[in-house]
Structure formats: C-alpha cells, structure tokens
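Topology and contacts: notes
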Amino acid sequence: MSAHADTPAIPISFKRRAHDAVHDAQLRKNFRGAMDFLMAKRAAQFPDGDELERLRAFGNRVRARALSKLPDLLQRLEANLTRNGVKVHWAETVDEANAIVHQIVAAHEAKQVIKGKSMVSEEMEMNHYLEGHGVDCLESDMGEFIVQLGNEKPSHIIMPAIHLNAGQVASLFHDKLEVDYTEDVDRLIQIGRETLRRKFFEADIGVSGVNFAIAETGSLLLVENEGNGRMSTTVPPVHIAVTGIEKVVENLRDVVPLLSLLTRSATGQPITTYVNVISGPRKADELDGPQEVHLVLLDNGRSQAFADSELRQTLNCIRCGACMNHCPVYTRIGGHAYGTVYPGPIGKIVTPHMLGLEATRDLPSASSLCGACGEVCPVKIPIPAILRRLREENVRPPAAEPHHMRGQGSKYSRRERYAWKAWRTLNTSPRLYRLFGLAATRLSGLIPADIGPWTEHRSAPKPATRTLHELARDHLGED
Amino acid sequence: MNARDRILGKLKQSLAGTTPIADDYDDALLTAPWSYPAEHRVTRLCNLLQAVHGETVLTTAAEWPARVSEALASRGIDELLISPATAHGQQFAGYLALNGLVTRLKAYDRPVEQWKDELFFSTPASLTGTLGGIAATGSLVVWPTPAEPRLMSLVPPLHIALLKASEVVDNLYQIMQTQRWAERLPTNALLISGPSKTADIQQTLAYGAHGPKELIVMVLQDA
C-alpha cells in the first residue's frame, strides 16, 4: 500500500498522532459523546444477558464453522454465483483488486463510479486509484460523502464521520457545496440527498461492499439504513461488489443469528432499515437492476491470519465496530490516530496481516488489555489474547521458525533480550538476588534523577534503605 | 497458477489434517425469544415501525384504497406509481373510477433507463405489495418482480406498502423456513423496516436520506 499526500501514511507515527489527538479537546468531546451514545444504544438492545451470551456463542460457532471449511465454501459460493450470472474475481493483493476493478471500468468506458459504503474498497484505496485513471469515484453513504468532501478518511468503520460534529459538517457543506450555513441536521441530510440523487443515475458503475456472502444460494447480503446501498447496487448498469475472502457463510439461515448480532451490536437497532439480498443481475423480464454483477474476493493478508488457529479467529469479525465503541483507547484518540483503514481493537489485530508488523509495530501495544473489546465482540474474538500474541510475534527473533507473520520481530531488540535474561538470572539465583537487594538499598543514592521515559512523567524511584527480607527477619525476631 | 488457485491453495494447506466443524444450528435461540401470541404480532410490528417513523394504518381488504387516497390527498399528491398487472393495482384503479377521483396512475412498464429522470424527479409516491411482515423486528418482506421492480420501493419519496395481517409472522427464521427462501431466492430480496434514515451527522437521526422519506404500511386486518 503506498502512502499518498491525502491519505495517512503507514502508521509508524502512531505515538505522535495519538499524542496530538489526546490534546484535541473538540475531538475528545466528539468521540466521548458518540461512544457513550453507541454503548447505551447497544446495551438497550440486549436486555437479556443470557440471550446475548447464547447468541454470541452461536455467532462464534457459525463463523468458526464457515472458516473451518473456507476453501470449500468459497468454491461453492463461486459456483452458485456463476450459475446465477455473477462474475467472480480473485485478488491476492489490493493492487490486483484495483486492477480487476479498473479492467471492468475500462471495458465499459466508465467515467463515473458511485459507491455504497465498503471498508474493503477503503483497504484498496479504490477512490484514489480510479481517480488516477481518470475515473470519478463518489461516496454515497452520508458519512463517507462528508469524509470524502473534507478530503479525510473514515474515523470509524460504521460511522465514518463520527469525529465531526454538526457545526463542522455545516462549515464543510458551506465551503464545498456553496450552500447556506446551517447546523440543522435534517437540512444537511437533505442537501446531501439532493446532491447525490442525480449522481446515482449518472453513474456508469456502482460499487458496494458485502456483509455476508452466502455460499448455499450464491447471494450477497448488504445491510444499511440510508438506501444508498440499494441505489448503488440497483441503478447503475454495472455493480461491482468487493469483499474479503472471510465474509462467506455456509447457508442462508446462518445469516439470521449474525444479522441480529450485527445490527444490535453496531448501532443498537433490532434491524437496519434495509436488508438487501442480491442473487444475480437483471433477468430478461426485469425492468431494473444492473445488467452485470461482479464480485471481487480479496485476500490481502487474510490467508496469513488463517494459517494459525489462534490468529484465524481474527477472521470471525463481522465488522460491527462494537469493540471500538467500548475501547477506552479508541474513545480517547479517535479513529484517525491509528493511521489505518480499520481503527480500534479490531484494527490492531487485523491490520498487521495486511501491512505487516513492520508497519504496525506500535498497534498491538496500544492497548491497556482491559478486555472490554473481547467482552462485547458479538462473535467472541479473543481480541486481548490476540493482542498479547501479536506483542510476542513483535519481539520474536526475526528469523525464528515457525514464521507466522510478515514483519515478525519488528520490535526485537538484542539489548532488551539481554536485559530480560539478566532479570531472569537475578530472580532465579537466591545468592545473586540477595546481593542485588543489598546493592539497591545501600547504593540508592546512585540512581540518576533522569531515567528515560520513566521520569518523563514521574519522579525517579527511591529504594527503601533496607530490603523487605531484612525487615521481615527483624519483624520475626530472627537474626 | 492464478490468484484463485494460490489463495485456495494456501487456505487448504492451512486446514490440512483438520475436520470441518459440524453444524449444530440452534433454531430455538432464534425463535423462542421472538415468538408472540397471534393477536400481538400486528401490534408489535406496528409499534416497531412507528418507532422508526413508519406510519401504520389498520384497515381492511375493501377499505384500503380509500385510506391510500386519503393519505395521498392529505399530502397534496395527485399521482401514484402502481402496477396495473397486480390485483391490488386493479382494485385501486377500480376504486378511483368508481369514485370519479383524478389521481394519475403511473405504471413502471419499461426498463428504468427509459424513464430515469421521471422516476427520480417527478414520481412522488408508489404503492407495492409485500410477501409478509416480521413481528420481531417490524420488517416487511419485499421481493421485487417485473410488475413491481426494485426501485419502486426505493426512489419515490413516499412508499405505501400493503401488508396482510395473516402474513405477519413471528421472526425472520420462521418466514425463511416456511417460504423456503434458500431454494427460491429472486434476483433481489429485501427486508424493509421503515423509511430511509441516517445518523451519520453527530448521531442525530434524520429521515429521508436516499430512499423514501415516508413509509406507510396499510395493514389489511381481514386478509
């Protein structure tokens, strides 16, 4: 993935961005308000804790079952989609996926693309890629539209413009769309509606993501509230759906528990306004719908996660965003600080497979391991355990076998290794330990006042004048 | 080797020696918490639809054309997109003729490409049938057909849907099984649960994002 002037570079400077974000009072306020709102909405949808726990376990089993036969299901999906008249494409990398999309675009001499919300297309930086080839790519989800207008990236996977308040959107619309300044949200949405309405039928191609791809029936299921997803997949003559290879489920009925978990966890709704199940292009006697439907299946590091049974659970994800909504780190630094397409806890465990640990080395440590993400995950991904695992992969010697991850050992340091080795020796040898205790207490005056990061925000530690062992011996009257 | 073979090859290699997880589908968990006494189903569906700004009208198989006419008149709408090929389309046309009403009826009788502009900018209302309703979530089941195409329930700012009370079921799992969806899904199958909406600006709910601004569900209590 290349870094562009208008997109965040690979997240090497995570710490700096996080530092800036925690000092941005407006951003902090916007996120705090939004996260409190989303947590309360979700909680209201699950009044029965027992039902929630049983449904989470069910959702986990449905996803685990699909992954346990993933190659078979992908082939079944392909066969059934093909039978239904949908063309299936495979891409190992985002470059390949973009090339496939570009080929379709070029074959139709398309100039305008309208997009429903798709995180995989963000992963591909499809807008940027197509613009580079002279094709206009317009986002039609209100949040995505706002973010695109401001030349920004989504800060949340469900609510892309969550970092902005109404006043900020009002200024943006006023500047970019030359409309009167208004903070009235209804009016702002109507401005968006009017601006985009004509675009839907001018567009040559519609692009969407996929929430669930159903192998049994050869269907693509999309959920949404606005209707832009239905527009993008119905009005233009060509529909291209892009999705990750993990999104497949075995049977149509498998979507019932997942759908319930998804909408209730994501936005606290019993169901979204639209559930849109697409099983093919327009038939001869039908009067609307695209003449051509394509599905692009993207790997982009997913098969690496798949190869390890613990890391494979990362692919259970149904992209509800509940983990970020409940994350104390995400709430305080917002989505942009991560510098990755997928922010928050899920981003921290999925992005290393996409970009390599070398580009995401700080992400696994950007967590207090409080466990909130794992507790709310509707498909029970053990996110904290996977974060710990990634920390381990981060410091394993780069050449050590087995090699699970691209960028293994990105934080490996020989000095740190030696330090821990010394620590272990010290703590496993009683004689050495006693000697160290004596030295630390008797020579405490030698500890410098400045010991790196420790003393940036605190005073230097001051050992007691006698060790705990000595004090205990005194207390027990021993000599 | 192409991308497809390489991806499938990697996945298969990762699964070597493992057994697929058995399907222990727990349908009780999807039905038991979402079952209602027959007399409560319609009420629950109406309440949930109203909670998301849907309008519901309890009426009958004979009376609904009058209710639709009133709904249109109260909004100053004098034309309706409705299919003459359906029984309800014919019933509504008959009602207008009998009562000397001048509502203009428009049919979606040609491919969308031939009348996009009119559909998008001068079609204020549409009426479609449904295949049933779901009490658990307040949803309508809509399977577009050549007579009532996909955009009919999406583009006009007002969408009116006819729902037979007898076709309101408890939950999605049930209707999926009884109507045997897995064997016969159409090109496009929809669940519609209210008018189009968004909360993308500061979590403030606004209706009429890209689809209908209003949804009126005519519940035919004796049908």
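Residues numbered from 1 in each chain as written. Chains lettered and ligands numbered in written order. Predicted model: local features only at pLDDT ≥ 70, side-chain atom pairs only at ≥ 80, totals over all residues.

Description of the overall build of chain B
Within chain B, the regular secondary structure consists of eight helices and twelve strands. Each of the three principal axes of chain B carries a C-alpha extent, and together these read 75 × 45 × 40 Å. For chain B, the proportion of its 223 residues judged to be buried stands at 48%. For chain B, contacts bridging at least 24 residues in sequence account for 77% of all contacts bridging at least 6. (Helix = DSSP H or I, 4+ residues; strand = E, 2+ residues; numbered from the N terminus. Buried ≥ 20, exposed ≤ 12 C-beta atoms within 10 Å, placed from the backbone. Contact = placed C-beta atoms within 7 Å.)

A short note on the overall build of chain A
Looking only at helices and strands, one finds 23 helices and ten strands in chain A. Oriented by its inertia axes, the alpha-carbon framework of chain A measures out at about 100 × 55 × 50 Å. Going through the 479 residues of chain A one by one, you find that 52% of them count as buried. For chain A, contacts bridging at least 24 residues in sequence account for 73% of all contacts bridging at least 6.

Thoughts on the domain arrangement of chain A
What the domain assignment lists for chain A is domain 1 (70–303) and domain 2 (415–475). One C-alpha centre belongs to domain 1 of chain A, the other to domain 2 of chain A; they are set 57 Å apart. (Domains from an automatic or database assignment.)

Quick notes on the confidence of the model for chain A
Taken over all residues, the pLDDT of chain A has a mean of 94, while the share at 70 or more is 97%. This model gives residues 1–9 of chain A a pLDDT under 50, and the stretch forms 14 contacts once residues within four places in sequence are excluded. (pLDDT = per-residue confidence, 0-100.)

What about the sheet that holds strand β6 (residues 139–142) of chain B?
Spatially, the eight strands line up as an open sheet ordered β8(A)-β5(A)-β6(A)-β9(A)-β9(B)-β6(B)-β5(B)-β8(B), and their pairing is mixed. Single-partner strands in this sheet number two, and they are β8 (248–249) of chain A together with β8 (168–169) of chain B. In this sheet, strand β9 (residues 274–278) of chain A lies alongside strand β6 (residues 219–224) of chain A in antiparallel orientation, the contact comprising five bridges. The residue bridging L221 of chain A from the neighbouring strand is V277 of chain A, located in β9 of chain A. (Pairing = 2+ DSSP bridges.)

Re the nonpolar core
Counting 190 residues, the largest nonpolar core has V296 of chain A together with M218 of chain B as the members making the most contacts within it. Top element by residues in this core is helix α12 (residues 255–267) of chain A. It accounts for seven residues. In this structure, V296 of chain A is in contact with H89, A91, A97, I100, V101, I240 and V242 of chain A, ignoring residues within four places of it in sequence. (Core = buried A, V, L, I, M, F, W, Y, C linked by C-beta atoms within 7 Å.)

Observations regarding the interface of chain B and chain A
In this complex, chain B contributes 62 residues to the contact, which on the side of chain A involves 72 residues. Elements supplying a minimum of two residues to the side of chain B that touches chain A: α1 (3–15), α2 (27–31), α6 (116–121), α7 (172–178), α8 (181–184), β9 (188–192) and β10 (197–198) of chain B. Among the elements that take part in the side of chain B that touches chain A, α1 of chain B stands out by supplying ten residues, more than any other. When its residues are assigned to classes, the side of chain B that touches chain A shows 34 nonpolar, 16 polar and twelve charged. Direction of pairing for β9 of chain A relative to β9 of chain B: antiparallel, over a ladder of five bridges. Looking across to β9 of chain B, one finds that V277 of chain A is bridged to A189 of chain B. (Nonpolar A, V, L, I, M, F, W, Y, C, P; charged D, E, K, R; others polar.)

Remarks on the packing of helix α4 (residues 70–84) of chain A against α1 of chain B
Between α4 of chain A and α1 of chain B, the shortest axis-to-axis distance is 8 Å and the interhelical angle comes to 145 degrees. Residues L70, P71 and L74 of chain A of α4 of chain A form the contact with α1 of chain B, whose own contacting residues are L8, L11, K12 and L15 of chain B. Among the residues making up the contact of α4 of chain A with α1 of chain B, the classes are represented as six nonpolar, no polar and one charged. (Axes fitted to C-alpha atoms, helices over the stretch in contact; angles between N-to-C directions.)

Let's talk about the pairing of strand β10 (residues 292–298) of chain A
Residue and element names in this part refer to chain A. The buried count for β10 comes to six of seven residues, which makes it a mostly enclosed element. When strand β1 (residues 86–91) meets β10, the two strands line up parallel, connected through six bridges. In the strand pairing of β10, A91 is matched with L298.

Points about the sheet that holds strand β3 (residues 136–139) of chain A
Residue and element names in this part refer to chain A. One open sheet holds the six strands; their spatial order is β1-β10-β7-β4-β2-β3, and the pairing between them is parallel. Taken across any chain shown, the strands that pair with only one partner, and hence form the sheet edges, are β1 and β3. Geometrically, the sheet is characterised by an average inter-axis angle of 20 degrees between neighbouring strands, direction not taken into account. Two strands pair when backbone bridges link them, and strand β7 (residues 238–244) and β10 are joined in this way by seven bridges, in the parallel orientation. By the bridge assignment, I240 is partnered in β10 with H294.

A look at unusual backbone geometry
All names here are of chain A. The omega angle of the peptide bond from E401 to P402 is -5 degrees, so this bond is cis rather than trans. Residues other than glycine seldom take positive phi values, yet R319 does so here, at roughly 60 degrees. Here R319 shows up in the loop between α13 (302–306) and α14 (322–325). For K380, which is not glycine, the phi dihedral falls at a positive 55 degrees. Within the secondary structure layout, K380 lies in the loop between α18 (372–376) and α19 (383–395).

Considering α1 of chain B
In this model α1 of chain B runs 19 Å from its N-terminal to its C-terminal C-alpha over 13 residues, within 8% of the 18 Å that 1.5 Å per residue would give. The set of residues buried in α1 of chain B consists of I7, L8, L11 and L15 of chain B. The buried side chains of α1 of chain B occupy one side of the element, clustering within an arc of 90 degrees when seen end-on. Set apart from the buried face of α1 of chain B by more than 90 degrees, the exposed residues are D5 and Q13 of chain B. Contacts from the buried residues of α1 of chain B go to α4, β1 and α13 of chain A. Directly after α1 of chain B, the chain includes G17 of chain B, whose backbone phi takes a positive value near 80 degrees. (Expected span 1.5 Å × (residues − 1). Arc of directions from axis to C-beta.)

Overview of the packing of helix α3 (residues 49–68) of chain A against α12 of chain A
Residue and element names in this part refer to chain A. It is the contact of α3 with α12, at a shortest axis distance of 9 Å, that shows an interaxial angle of 125 degrees. Accordingly, the angle class assigned to the pair α3 and α12 is oblique. Crossing of α3 against α12: the hand is left-handed. Across from L55, F58, G59 and V62 in α3, the residues of α12 making contact are P257, L258, S260 and L261. Its residues assigned to classes, the contact of α3 with α12 shows six nonpolar, two polar and no charged. (Parallel < 35°, antiparallel > 145°, perpendicular 65-115°, else oblique. Left-handed = near helix turned anticlockwise from the far one by under 90°.)

Describing the environment of T351 of chain A
Residues and elements named next belong to chain A. Topologically, T351 is positioned in helix α16 (residues 344–355). Accessibility expressed as a C-beta count within 10 Å gives 25 for T351, which makes it buried. For the pair formed by T351 and G301, sequence separation is 50 residues and the distance between their alpha carbons is 8.6 Å. Not counting the four nearest positions on each side in its chain, T351 is found in contact with T340, Y342, T360 and L363.

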